[in-house]
Structures are given as C-alpha cells and as structure tokens.
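The residues making up each chain are set out below.
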Amino acid sequence: MLVHLLGAVYVPYPSWLNPADNTWQITAATFVGLMSLPALAVLYASLVQKKWAVNVLAMMFTGFSLVLIAWVLWSYKMGFGSTSLGGGVHNGVQTQLSGVGWVKHFFENLVGKPGQITNSVGEQGQAVSAANTAIPFHFPTSTLAYFQFVFAAITPLLFLGSVVGRMKFSAWCLLVPLWSTFVYAVDAFLLWGGGYFAQEGSLDFSGGYVIHMSAGVSGFVAAWVLGPRLARDRQHALPNNLVMAAVGAGILWLGWNGFNGGDPYYAGASAAAAVVNTNVATAAGVLGWIALDAWFTKAKKPTFLGGVNGMICGLVGITPCAGWVNGWGAIAVGLICTGVVWVAWNYLSKVRPFSKVDDALGVVYTHGIAGFTGGMLLGIFGDPNMIEYGCGHLSASGQVVATTQAQYVSTGGKCTPFSVSGLMYTGSAHQLWEQFRAAIWVICWSAVVTFILMQLIKLVLRGVRYKEEVLEIGDLAIHDEEAFPEERLAVRTGGAFELAGIGGTGARVSGNPPPSIGSEDPPPGDRV
C-alpha cells in the first residue's frame, strides 16, 4: 500500500476529466444521434409516399456517414477548433481585444482552421476550443467532437424533407459534405465556436439558428433549384404509415433531451432546466397546433399530423433559448412559435415565393420560421436569474470545490454569473438586436452558398434531378428495393425474371427465381 501511495500507479483518467460530465456528454450525444437514426429516418420515410421510403432511408444513412467522415478529417476544427483561419483566435485565446474594425474582426473570426482529429492527441487530449467556457472542458476532444458531430449530421438530414421525391442520390452524396463544410461549419464557428457573432454577444443555446433555421432556408433554396415533384406525387402526398411516423416522432421528442440538455457541457442545474423547458415548450406546441386545427380550419378537427407539427415547432422554438428562459418563458415560446408557424403553414404558403417552391415536408416552416422565432424570443424572455455558469472555486485540475449556492449565484471579484437578460426583464432590446443580426447572416449565407453548391453539382452531374420515368417508379428504379413489396407476377424472359407489379411497372432481376417459385418454370401468369 505504501508503494502505491509513493509511486505512480494505473489510473482510469487524468485529473482534468470529470466522469459525470463525460458520461452525460456521451449519453446526450447518443440521444441526439438517435434523433437522426432511426427517429428522423423513420419519421420522414413514413410521411412520404411508399415508393420513396427506401430512398429516404438510404439518403439518411448515407448523409449521416458522409458528415462523420468529413467531421473527423477537417470540418470539426472548422467549427470548433482552437484557432481561427484568420488568426482572430489563437489556441483558444481571442487576439483582437480592441481597436479592430468590424470588417477585419469579422473575417479573422469567420471560421476555424481545418484539421483532422484522428490521432491519439486528437481523441484523448483535453478538449480545447475557441469557444472554451469560463470553466475548462472536463472531457476529451473525442467527446466534444462526437457531441458536435451528431448536431452537424442531423442538419442536412432535416432539409432532406424539402427535396425528397426528385433529387438524385449522387447529387445528395455530393451536397451533404460540401454543405456541411461551407455552410454548417462556418455558422457553427461564428455562433458557437468563439467566432465573430459569439464575441459580439449573439446567442444560440442549441441550434435554433445554426441547425434549424439554416436547414429550413437551405432546404427551401435546394427545392427551388430542383423544381417541383411530379404533379401526381404532389396531389397524392399521403403518409404511408402514420403509426411508424408516431414512433419516429416520439423518439425525436425524447432525443431532444440530449439535444438541449447537453449544451451547457456540464452535468449541472442548467442541463436539467434545459431538459424540463424543452419538454414544457413541446407540450405547449402540440396542444397549441391541435387546438388551432380544431378551432380554425375548415374541417375543425384535431389531427395527429398537426400535433406532430406542433411538437416540432415547440422543440425547434425552445432550442435557441432552452437553458436561458424559465418555465413560463418556455410555455410562451412553445405557444408563440407554434402559432406563428401555423399561420405561415396555412396562409404564407399561398404567397410568393412560398407558393412557387415545392418544399415537400414544409421544412422551411417547422424549422426555418420556428428557429428564427425562437431565437428572437430569447431576446424577450431571457431570464437573468436562469444561470448557466455561476461563480465559485476551482481546484488545480479545474474541478469545482467548496462552492455554496450563495456563492454560485452571486458576483464576486472578476466573476459574474452567466445568464441572458431579455427585454421583458431589463427593458433593453440589445439582445434582440444581436439575435437579429445573427439571424440575417445565417439566412443569407445559407441561401447563397446552398444555391451556389446546387448549381455546381448540377454542372458536374449534368443535372441534380431524376428524369420523369424514374420519378414515376421511385425506389425500384433507383435502389432496386421496396419498403413495402407488393404481390407480383414472375415471368421468365430469357435468362432473367421480370417481376411485374399488379397494375404497375416491373423490375428485372437477373439470376435465379425467388425460392418460393421452385425449380420448375411456372406457367405465365402464376402468382408468386
């Protein structure tokens, strides 16, 4: 025992690592990952026509994988690296403290310096970012990188809902890594990674701007470039399975506990408050949309899909302010965002340019408009008493020690507890202005870069949209698979079997017949 006390021994982690914070961050990241796979994949695949279900699933899994590879090789450091490409931040320290014009300040704090995180230091060293909080990160880079990856991954998957039913699979495979690099990573650094807007005071708790508003705008622009779905698909755009849509929506809702609960970066009171506020706002959104459908539509009936839209509006609306508003503020955010989006969905959709763009699943409404509204409402309902980081004492390794609740919530020395002061509590519109500035940037940057990328991909692939004969068939023509195989006729034609759907176009399958046919050729017209 004395030898162990005097000499070095095996230990499970270094002194800077806090097991609780590390565990919660990885758990929260897993919750967010489940929001993409399977939640969003199942939800979208169930809302589209059945002939597009496999296409949605393939694009979801492929998109998730493409973002991850790009993330570890270059784009994580673009969004969350410790040094900006222009040198405005170096090794996590801001270098421009005063006397710098806004143009120089902006461009030198626009995006992080690209780089990989695949070596041992990148995976096991203590996380350091240009966005370092006042408290050192209590987990390794791999934890922070994976947590931020699942946010990066879900963003293009969200705007898949705008372009589904006509976009080439190959075009999608090019768009996702390019968009994640030139749109997402830039916005992430500017607002989260310690870039210009973060330094100016613009705030986005978990992605109302960086994720949802950006996805809504980008999806809308991409849908405009692609053109509309087939007229028949638009006229008969009925969900193929509402029960599975409910499964996907339910996982999405509960997965959001990690989405908003993980963003304080520590397993503390702010994380718990963010989780509660997320669920309160979502419940208000569900009830609000159902009530509006029941009271103000022509049918005057509550609808399940309306409830799902309200759920998404509540979730998206509370995302930019989850830990900075109190419970009453969360209810207000959920109801207001839902009301705004309900009006836009039912009335703004009939006005140009919305009436001329086929946003298949309405992503620009439930994510774009809801994200913008929630971000602006932070400037109104931000409660200065909702503290994200308080004041106290740290040990040499960065762990909190000997800090009372009174010390935590009080200003002392150079430390002032971090919270957000909205118009409702202070009478100041300063935070509203900062939120508006950041929103305008995200809208414009997302729209312009998405348009440019779509045009470049169109040039390279000689089109980003499938031909009409492919769109008529869907999954079978693109992937040679179906989510819901119908009863078919098998007829040998030469050396192949043609599977002809009853009343539909068939698909040629080379090789042996299905096992159920047997070794002898069936008479023409026999059902399999």
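What counts and how
- Residues numbered from 1 in each chain as written.
- Predicted model: local features only at pLDDT ≥ 70, side-chain atom pairs only at ≥ 80, totals over all residues.
- Heavy atoms only, no water.
- Helix = DSSP H or I, 4+ residues; strand = E, 2+ residues; numbered from the N terminus.
- Buried < 20%, exposed > 50% of the residue type's maximum accessible area, 1.4 Å probe, protein only.
- Contact = heavy atoms within 4.5 Å.
- Areas by Shrake-Rupley, 256 points an atom, 1.4 Å probe, with all protein chains shown as cover.
- pLDDT = per-residue confidence, 0-100.
- Phe/Tyr/Trp six-rings, centres within 6.5 Å; stacked < 30°, edge-to-face > 60°.
- Lys, Arg positive; Asp, Glu negative; His and termini not counted.
- Salt bridge = Lys/Arg side-chain N within 4 Å of Asp/Glu carboxyl O.
- Disulfide = S-S within 2.5 Å.
- Expected span 1.5 Å × (residues − 1).
- Bend = angle between axes of the 7 residues up to and from the residue.

Draft legend 1. Summary view of the overall build of the chain. Each helix and strand counted, the chain has 20 helices and seven strands in total. Of all 528 residues assigned to the chain, the portion counted as buried reaches 52%. The long-range fraction of contacts in the chain, counting pairs at least 24 apart against all pairs at least 6 apart in sequence, stands at 77%. When the accessible surface of the chain is split by element, carbon and sulfur atoms take 65% of a total near 23,200 Å².

Draft legend 2. Up close: the confidence of the model for the chain. Averaged over the chain, the pLDDT score is 90; the fraction of residues at 70 or greater is 90%. Note on residues 489-528: pLDDT is under 50 here. Beyond four places in sequence and across chains, it has 58 contacts.

Draft legend 3. Spotlight on the packing of aromatic side chains. Inspection of the entire model under this criterion finds 35 aromatic pairs. Aromatic side chains Phe220 and Phe354 sit 5.3 Å apart centroid to centroid with 50° between the ring planes, which places their arrangement in the tilted category. Pair noted here: Phe220 is in helix H9 (residues 208-226) and Phe354 is in the loop between helix H14 (327-346) and helix H15 (363-381), with a separation of 134 residues, a long-range link. No difference in accessibility class separates Phe220 from Phe354, as the two residues are buried. Clustering of aromatic rings is evident, with ring pairs tying together Trp71, Tyr76, Phe80, Phe137, Phe139, Phe147, Phe151, Tyr184, Trp192, Trp256, Phe259 and Tyr265.

Draft legend 4. Expanded view of the side chain of Asp187. If you trace the backbone, Asp187 turns up in helix H7 (residues 169-191). For the buried Asp187, no salt bridge is present, and the opposite-charge side chain at shortest range is Arg437, 13 Å distant. Here Asp187 is in contact with Trp192, Val210, Ser214, Trp441, Val442, Trp445 and Ser446, once residues within four sequence places are set aside.

Draft legend 5. Spatial organisation of the environment of Leu17. Along the chain, Leu17 falls in the loop between helix H1 (2-6) and helix H2 (19-47). For Leu17, a relative accessible area of 12% gives the class buried. Between the C-alpha atom of Leu17 and that of Gln126, which follows or precedes it by 109 residues, the distance is 7.8 Å. Among all residues touching Leu17, those that are not within four sequence positions of it are Asn22, His138, Pro140 and Gln399.

Draft legend 6. Inspection of the state of the cysteines at higher detail. One pass over the full model with this rule turns up one disulfide. Each sulfur of the disulfide joining Cys391 and Cys415 lies 2.0 Å from the other. Around the S-S axis, the bridge from Cys391 to Cys415 shows a dihedral of about -95° and counts as left-handed. Taken as a pair, Cys391 in the loop between H15 and strand S3 (393-394) and Cys415 in the loop between helix H16 (405-408) and helix H17 (423-426) lie far apart in primary sequence, 24 residues in all.

Draft legend 7. Region of the structure containing helix H3 (residues 53-80). If you check H3, its first and last C-alpha atoms are just 35 Å apart, much less than what 28 residues at 1.5 Å a residue would give, namely 40 Å. Taken as a whole, H3 carries its principal kink of about 75° at Trp71.

Draft legend 8. Broad picture of the pattern of salt bridges. For the structure shown, the criterion picks out six salt bridges. For Lys51, the salt bridge goes to Asp233, with nearest N and O atoms at 3.1 Å. Of the two residues, Lys51 sits in the loop between H2 and H3 while Asp233 sits in helix H10 (residues 231-235), which places them 182 residues apart along the sequence. Overall, the relative accessible area of 18% leaves Lys51 in the buried class. With relative accessibility at 2%, the residue Asp233 sits in the buried group. Salt bridges here are not isolated pairs; linked through shared partners, they connect Glu200, Glu434 and Arg437.

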